[in-house]
Amino acid sequence: ASGAFSRLSGPVAVVIGASRGIGLQIVRRLLQPIPNPSNSSSVSFGTVIAACRDLTKVDPLLQQLHSKHSATEGEAGQSRLHLMQVDVENDTSISQFSADLDSFLQSSTSSPGIDLLINNAGILDRTPGLECSRAQMARHMNVNVSGPLVCTQALLPLVQKSSSKKVRLAIITVSPISE
């Protein structure tokens, strides 16, 4: 029926820290079918959420992916890739992201929850350890350690709602390391 609203189907992946680098490449890969070597099939994520600290400062490739995977590729003219904002240093931002994501899932997808959560947001301060100030170390711990934990805590109710039979539920945390 013309103009009928249809919810996006398929597993839902959320990548926090997706504006560039590894997170962006994870998003790019999740938009493609992923082979399952155990049974020669593949899994496709119906919805990929790319969460970024500042939506005005995303890599041009993420913008291109968003354009490519919007309206024409989703079901009923909906996009498979959605950009959302979250700052892992800010508990209010994390809570708002969780609420916005829950609302989006309830209104736009057939999945009640998150099937794959990837915590990739992080900072890498190249200051040698013995030269780091207490403030630099505290920020590093806040973003790279506390941030993923608080995000996981906030999103756990949505992860627990996962109903996908196509993917194993997973929470993955990626953290920068020094050279």
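Before going into details, it helps to say that this report is about the structure given with it.

1. Quick notes on the layout of surface pockets
In this structure, the largest pocket spans a volume of roughly 680 Å³. Taken together, 27 residues line the largest pocket, and the ones lying closest to its centre are Arg-20, Asn-120, Ala-121, Gly-122 and Ile-123. Elements supplying a minimum of two residues to the lining of the largest pocket: α1 (21–30), β4 (47–52) and α4 (134–160). In terms of residue count, the dominant contributor to the lining of the largest pocket is α1 (three residues). Looking at the lining of the largest pocket residue by residue, the class counts come to 13 nonpolar, seven polar and seven charged.

2. Digging into the sheet that holds β4
With parallel pairing, five strands are arranged side by side in an open sheet as β5-β4-β1-β6-β7. Since the sheet does not close on itself, it has two edges, and those belong to β5 (81–85) and β7 (170–173), each with one partner. Shown here is a sheet whose adjacent strand axes are inclined to one another by a mean of 15 degrees, direction ignored. Note that strand β1 (residues 12–16) and β4 share five bridges and pair parallel. Among the inter-strand pairings, Ile-16 is bridged to a residue of β4, identified as Ala-51. Contacts from α1 reach β1, β4, β5 and β6 (116–119), with the element oriented near 165 degrees to β1.

3. Digging into the environment of His-140
Relative to the helices and strands, His-140 resides in helix α4. When its relative accessible area of 27% is taken as the criterion, His-140 is described as partly exposed. As a C-alpha pair, His-140 and Glu-89 span 51 residues in sequence and 10.0 Å in three-dimensional space. Dropping the residues within four chain positions of it, His-140 is found in contact with Ile-123, Asp-125 and Val-145.

Rules behind the numbers
- Residues numbered from 1 in each chain as written.
- Predicted model: local features only at pLDDT ≥ 70, side-chain atom pairs only at ≥ 80, totals over all residues.
- Heavy atoms only, no water.
- 1 Å grid on protein atoms, 1.4 Å probe; cavity = no way out; pocket = protein on both sides within 12 Å on 5 of 7 lines; lining within 4 Å.
- Points joined across faces, edges and corners; volume = space filled by probe spheres on them.
- Helix = DSSP H or I, 4+ residues; strand = E, 2+ residues; numbered from the N terminus.
- Nonpolar A, V, L, I, M, F, W, Y, C, P; charged D, E, K, R; others polar.
- Pairing = 2+ DSSP bridges.
- Axes fitted to C-alpha atoms, helices over the stretch in contact; angles between N-to-C directions.
- Contact = heavy atoms within 4.5 Å.
- Buried < 20%, exposed > 50% of the residue type's maximum accessible area, 1.4 Å probe, protein only.

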